[in-house]
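# Architecture at a glance
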Amino acid sequence: MIEILQWSTLIVCGAAALSRIPNLVRRKNRSMFYVLALMTLATLLSIKGPYLVIDGLLGGTNLANLLLRFIIFGAIYFLGIRIANGFGDERGMRLIRGHAGSVFLALISAALLVLFAMMDTEGSSAGMATVSIKDERNGMLVEYYGAAGRAYPAYVCLVLLPAMLRAVRSTLPALLRISALLLAIGGLAVALSVLFPVVPPAIGFVEFVINYTAILCFVVGLALIWVAKVRAGRGARDRVERPAARR
Amino acid sequence: MPLPAKAFQRWLHGIAPDTSIADVCRLSGVKRTTLAQQLVRGKVAEATVVSISRAFGVNPVSSLAYFDTYRDLAGPQVPPTPQELVSQISTVDLLRAVIARSTPTAEAAAESPAGAATAAGRSPAPEQPAPAQPAPPEQPVPAREQQALSPVPHATSVKNWVDAIDDGELRHRVSAATGIAPQNYSAQLTANRMAPEVAIATSRAAGVGLTGGLVATGLVTEAEAGWNPGARQSALDMLSEGDLTALAGDRLQALGKILRRQEHDHQQTEKIWENLG
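Right, let's talk about the overall build of chain B for a bit. Along chain B, the regular secondary structure elements total 19 helices and two strands. In chain B, which comprises 277 residues, the share counted as buried stands at 32%. Residue pairs at least 24 apart in sequence account for 64% of intrachain contacts in chain B once pairs closer than 6 positions are excluded.

Rendered as structure tokens:
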């Protein structure tokens, strides 16, 4: 079940990224392609099989997991900026790009690196499962490390949540409001992931469901915005895309 | 709730006993697939009955009265109130009336465009070349009475109609009577839409003639509802200058709000596409 969810998420992400290649070639809204490509890569790295292969290439010390965390940070940072910009959320923009956001990102990144260095990371395993069961000290470090990795995405998503909910209640075209709803659900799921340490192990699968729900909601939400734009027809599209091309 | 298919078949047999469904569709302009689907689902739309009635020269309102839901439409109807009549005049027509009334006098304007200019206290010299070009369309329409009101429904006719008959509690009564949530009702008004049975329920809750909502939603015409041809115009003429100006002002303000919101939504949409599309 979880495997299916993982692979279908990967396929959806990959398809969404591929659909932006024409725009990439035309130099339109290129950062959307990078965001989707990063999300695809992040999904790939969070699936057991691919993770083991890639981490093996990187020396088998779970360096791939650290890489995954920073890929997620990058994707969420650029996506957050794009969403805040698109939905006209100036407060969100300030909180992501301004001092608060930068300081938070720097602190979290430093914490990740320090925690990673303190761990005995030998032995590839997705989610660093084998590292955490080595001994109590490593187990705790993995817990903190995971919490730090989820904190920044949760921060960005919480910042954007009010603007999304406002858009859902607005009088925008239906497709865009559905997109905003999906982005809001995705954001909420990411924010909820901060609570993972208190999730009882018995219902550990909930963590997977929340993780992949978040990614799927984001990707499908973004895809719907794209669909709405394409459906709006040529006339509107040309008007919209000319200013975008300058970016 | 649309009309039950069985009753519809009976009604159709009554007005067009020897006509095939295909011919009914051809004559009335109702799409064959649409009617077939409505019959299969067992629910025929009121608009279908109205179109078919028109094609067979039957009054749509009395056709609707054949069905249980609309039984009360049978027989003579309470005529619309002046407020209802005025609510069915488009904003542009109201503004035109404001301008017509504030133009010096109808006779002065009728005599000649130059005369109107002199009456307004302007020097006739610079005005004279101007009427030369736009004169042809203007001369046949000398006085304000000549300009016919545009037909019902106009762009905000449903909302204006409800506002015209609302005593402040109407929305609550309608929602209690029909079970429609107040916010859904408001959303319908904003979209200038209303289901025929809700329109009837609204009329009933407001204690006005039952056809008002059907006219405001454009289901039937003024004439089909039995409104006098000049009723709207005379209701407009009866408005005092102050009332007319205040009403036009309200309408303009509402229109401005709608347009601003549309512009804002449009900008927002483009911005989202620009950033995320």
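Okay, back to it.
With that settled, consider the overall build of chain A. The helix and strand tally for chain A stands at twelve helices and zero strands. The linear arrangement of helices and strands in chain A, starting from the amino end, is α-α-α-α-α-α-α-α-α-α-α-α. Looking at chain A as a whole, 42% of its 247 residues are labelled buried. A separation of at least 24 residues holds for 67% of the contacts in chain A among residues at least 6 apart in sequence.

This brings us to the environment of leucine 3 of chain B. Residue and element names in this part refer to chain B. Tracing the chain through its elements places leucine 3 in strand E1 (residues 3-4). Each C-alpha atom of the pair leucine 3 and leucine 64 lies 9.1 Å from the other, and the pair is 61 residues apart in sequence. Not counting residues up to four positions away in its chain, the partners in contact with leucine 3 are Phe8, Lys43, Val44, Glu46, Val49 and Phe67.

Attention now goes to the nonpolar core. Nonpolar side chains tend to gather and get buried jointly when the protein is soluble and globular. Counting residues in each nonpolar core, the largest one holds 77 residues, and the members touching the most others are Leu36, Met39, Ala75 and Ile225 of chain A. Per element, the largest residue contribution to this core is 14 residues, and it comes from helix H9 (residues 136-169) of chain A. Counting 51 residues, the second-largest nonpolar core is a separate cluster that includes Met194, Ile200, Ala201 and Ala206 of chain B.

What follows concerns helix H16 (residues 196-206) of chain B. Residues and elements named next belong to chain B. Counting buried residues in H16 gives nine out of eleven residues, a clear majority hidden from the surface. For H16, the elements touching its buried residues are helix H4 (46-55), helix H13 (157-165), helix H14 (170-178) and helix H17 (212-216). Looking at the residues trailing H16, positive phi occurs at glycine 207, about 70°.

Turning our attention to unusual backbone geometry. The step from valine 152 of chain B to proline 153 of chain B runs through a cis peptide bond, and the omega angle for that step is -5°. Mapping proline 153 of chain B onto the fold places it in the loop between helix H12 (135-138) and H13. If you check the backbone angles, arginine 27 of chain A has positive phi at about 60° while not being a glycine. Following the sequence through the fold, arginine 27 of chain A ends up in the loop between helix H2 (21-25) and helix H3 (30-46).

Once that is clear, we can look at the environment of proline 153 of chain B. With 20 C-beta atoms packed within 10 Å, proline 153 of chain B lands in the buried category. Separated by 63 residues in sequence, proline 153 of chain B and serine 90 of chain B have C-alpha atoms that sit 8.0 Å apart.

As a further point, take H3 of chain A. For H3 of chain A, with 17 residues, the first-to-last C-alpha span of 25 Å sits near the 24 Å given by 1.5 Å per residue. With 13 of 17 residues buried, H3 of chain A is to be regarded as a mostly interior element.

What follows is about the packing of H3 of chain A against helix H4 (residues 48-57) of chain A. Residue and element names in this part refer to chain A. Running from N to C, H3 and H4 point in directions that differ by 95°, and their axes come no closer than 5 Å. Classified by the interaxial angle, the pair formed by H3 and H4 is roughly perpendicular. In contact with Leu44, Leu45 and Ser46 of H3, H4 contributes Pro50, Tyr51 and Ile54. The residue inventory of the contact of H3 with H4, partitioned by class, reads five nonpolar, one polar and no charged.

Averaged over all residues, the pLDDT of chain A is 85; the fraction at 70 or higher stands at 94%. Segment residues 239-247 of chain A is flagged for pLDDT under 50; beyond a separation of four residues in sequence, or across chains, it makes twelve contacts in the model.

All names here are of chain B. Along the polypeptide, tryptophan 227 turns up in the loop between H17 and helix H18 (231-238). In this structure tryptophan 227 comes out as buried when scored by C-beta crowding, with 23 C-beta atoms within 10 Å. As a C-alpha pair, tryptophan 227 and leucine 85 span 142 residues in sequence and 9.2 Å in three-dimensional space. Excluding residues that lie within four positions of it along the chain, tryptophan 227 makes contacts with Pro80, Val215 and Glu222.

Moving on, we get to the confidence of the model for chain B. All names here are of chain B. Per-residue confidence for chain B gives a mean pLDDT of 84; residues scoring 70 or more make up 84%. Between residues 114-145, whose pLDDT stays under 50, and residues either more than four places distant or in other chains, the model counts 29 contacts. Confidence metrics for the complex model read pTM 0.68 and ipTM 0.75.

In this section: the packing of H3 of chain A against helix H5 (residues 63-86) of chain A. Residues and elements named next belong to chain A. Running from amino to carboxyl end, H3 crosses H5 at an angle of 150°, the nearest separation of the two axes being 9 Å. It follows from the interaxial angle that H3 and H5 lie roughly antiparallel. For the element pair H3 and H5, the recorded crossing hand is left-handed. For the pair formed by H3 and H5, the contact residues are Ser31, Met32, Tyr34, Val35, Leu38, Met39, Leu41, Ala42, Leu45 and Ser46 on the first element and Ala64, Leu68, Ile71, Ile72, Gly74, Ala75, Phe78, Leu79 and Arg82 on the second. Split by residue class, the contact of H3 with H5 holds 15 nonpolar, three polar and one charged.

Each value, and the rule that gives it
- Each chain has its residues counted from 1, running along the sequence as written.
- Written order determines the labels here, with chains lettered from A and ligands numbered from 1.
- Where local features are concerned, this predicted model is filtered to residues with pLDDT of at least 70; where side-chain atom pairs are given and counted, the filter is 80 or more; whole-chain, interface and lining totals use all residues.
- The numbering of helices and of strands both runs from the N terminus, where a helix is a DSSP run of H or I of at least 4 residues and a strand a run of E of at least 2.
- Three exposure classes are used, all based on how many other C-beta atoms lie within 10 Å of a residue's own C-beta (placed from the backbone): buried at 20 or more, exposed at 12 or fewer, and partly exposed between those limits.
- We call two residues in contact when their backbone-placed C-beta atoms lie within 7 Å.
- Definition of nonpolar core: a set of buried Ala, Val, Leu, Ile, Met, Phe, Trp, Tyr and Cys residues joined via C-beta atoms within 7 Å.
- Here the expected span of a helix is defined as 1.5 Å times the quantity of residues minus one.
- Throughout, an axis means a line fitted to C-alpha atoms (over the contacting stretch in the case of helices), and angles, computed between N-to-C directions, take values from 0 to 180 degrees.
- In what follows, roughly perpendicular refers to angles from 65 to 115 degrees, roughly parallel to angles under 35, roughly antiparallel to angles over 145, and oblique to any angle outside these ranges.
- Amino acids are sorted into nonpolar (Ala, Val, Leu, Ile, Met, Phe, Trp, Tyr, Cys and Pro), charged (Asp, Glu, Lys and Arg) and polar (every other residue, Gly among them).
- Scored from 0 to 100, pLDDT records how confident the predictor is in each individual residue.
- Throughout, a crossing is termed right-handed when the near helix is turned clockwise from the far one, and left-handed when it is turned anticlockwise from it by less than a right angle.

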